[in-house]
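# Summary of structural features
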Amino acid sequence: MMSDCLGYVDFPEGYEFHHYLRQETFRISAGKLQISGKDGATRHIAPEDWHDVRQLEMSFLDSIKAVVNRLENGLVSAAQIACLNPAQLAGVAHRKGSLEPGKDADILVLDNDLTLKAVWCRGVAQTLEVD
């Protein structure tokens, strides 16, 4: 899982790729980003249109929402992919990546729709900022 900030201005004319989480195809055409959905609708975004470019970014939580129903064990698998695996890769699984005694107690609380409701970092409740 990862967030994706699409820095498409550096892609060459004609470059195309399919974004499997968004189920959209991205193509550079006439200096703009052409985005085609599986429903056939297409939109174009210019690199100087900051508001539209900013909307392209998919948050880490949005990436989880996009795949959780595709995973064999749903949220259990998503937690391992998003939390434990990165902690193991970074060499910090002894204190991060799962909820166990002695670990840092970094916790996200989500509702049934996977909307973020609360955050704890090292056991301390954090203030959520709303866009």
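Residues numbered from 1 in each chain as written. Predicted model: local features only at pLDDT ≥ 70, side-chain atom pairs only at ≥ 80, totals over all residues. Heavy atoms only, no water.

## Some points on the pattern of salt bridges
Here is the rule we go by: A pairing counts as a salt bridge when a side-chain nitrogen of Lys or Arg comes within 4 Å of a carboxyl oxygen of Asp or Glu. Burial classification: accessible surface area is computed with a 1.4 Å probe over protein chains only, and a residue below 20% of its type maximum counts as buried, one above 50% as exposed, and the rest as partly exposed.
If you walk through the whole model with that rule in mind, you get eight salt bridges. Residue Arg95 is joined to Asp104 by a salt bridge in which the shortest nitrogen-to-oxygen separation is 3.2 Å. The class for Arg95 is partly exposed, based on a relative accessible area of 30%. For the salt bridge of Asp104 with Lys96, the shortest nitrogen-to-oxygen distance reads 2.8 Å. Owing to a relative accessible area of 16%, Asp104 belongs among the buried residues under this scheme. Each of Arg95, Lys96, Asp104, Asp106 and Arg122 takes part in one network of salt bridges that share partners.

## Re the packing of aromatic side chains
Quick note on the threshold: Aromatic pairs are defined between Phe, Tyr and Trp rings, using the six-membered ring for Trp, whenever the two ring centres lie within 6.5 Å; interplanar angles under 30 degrees are classed as stacked, those over 60 as edge-to-face, and all others as tilted.
Applying the stated rule across the entire model yields two aromatic pairs. The interplanar angle of 50° and the centroid separation of 5.7 Å between the aromatic rings of Tyr15 and Phe17 together place this pair among those described as tilted. Exposure remark for Tyr15: the relative accessible area of 34% places this residue in the partly exposed category.

## Some details on unusual backbone geometry
Where we set the bar: Each helix corresponds to a stretch of at least 4 residues labelled H or I by DSSP, and each strand to a stretch of at least 2 residues labelled E; elements are numbered beginning at the N terminus.
With phi around 55°, Ala30 is a residue other than glycine that occupies positive phi space. Within the fold, Ala30 resides in the loop between strand 2 (24-29) and strand 3 (32-37). The class for Ala30 is exposed, based on a relative accessible area of 68%. The phi torsion at Leu114 lies on the positive side, around 65°, for a residue other than glycine. Within the element layout of this structure, Leu114 appears in the loop between strand 5 (107-110) and strand 6 (116-121). The exposure class assigned to Leu114 is buried, which follows from its relative accessible area of 10%.

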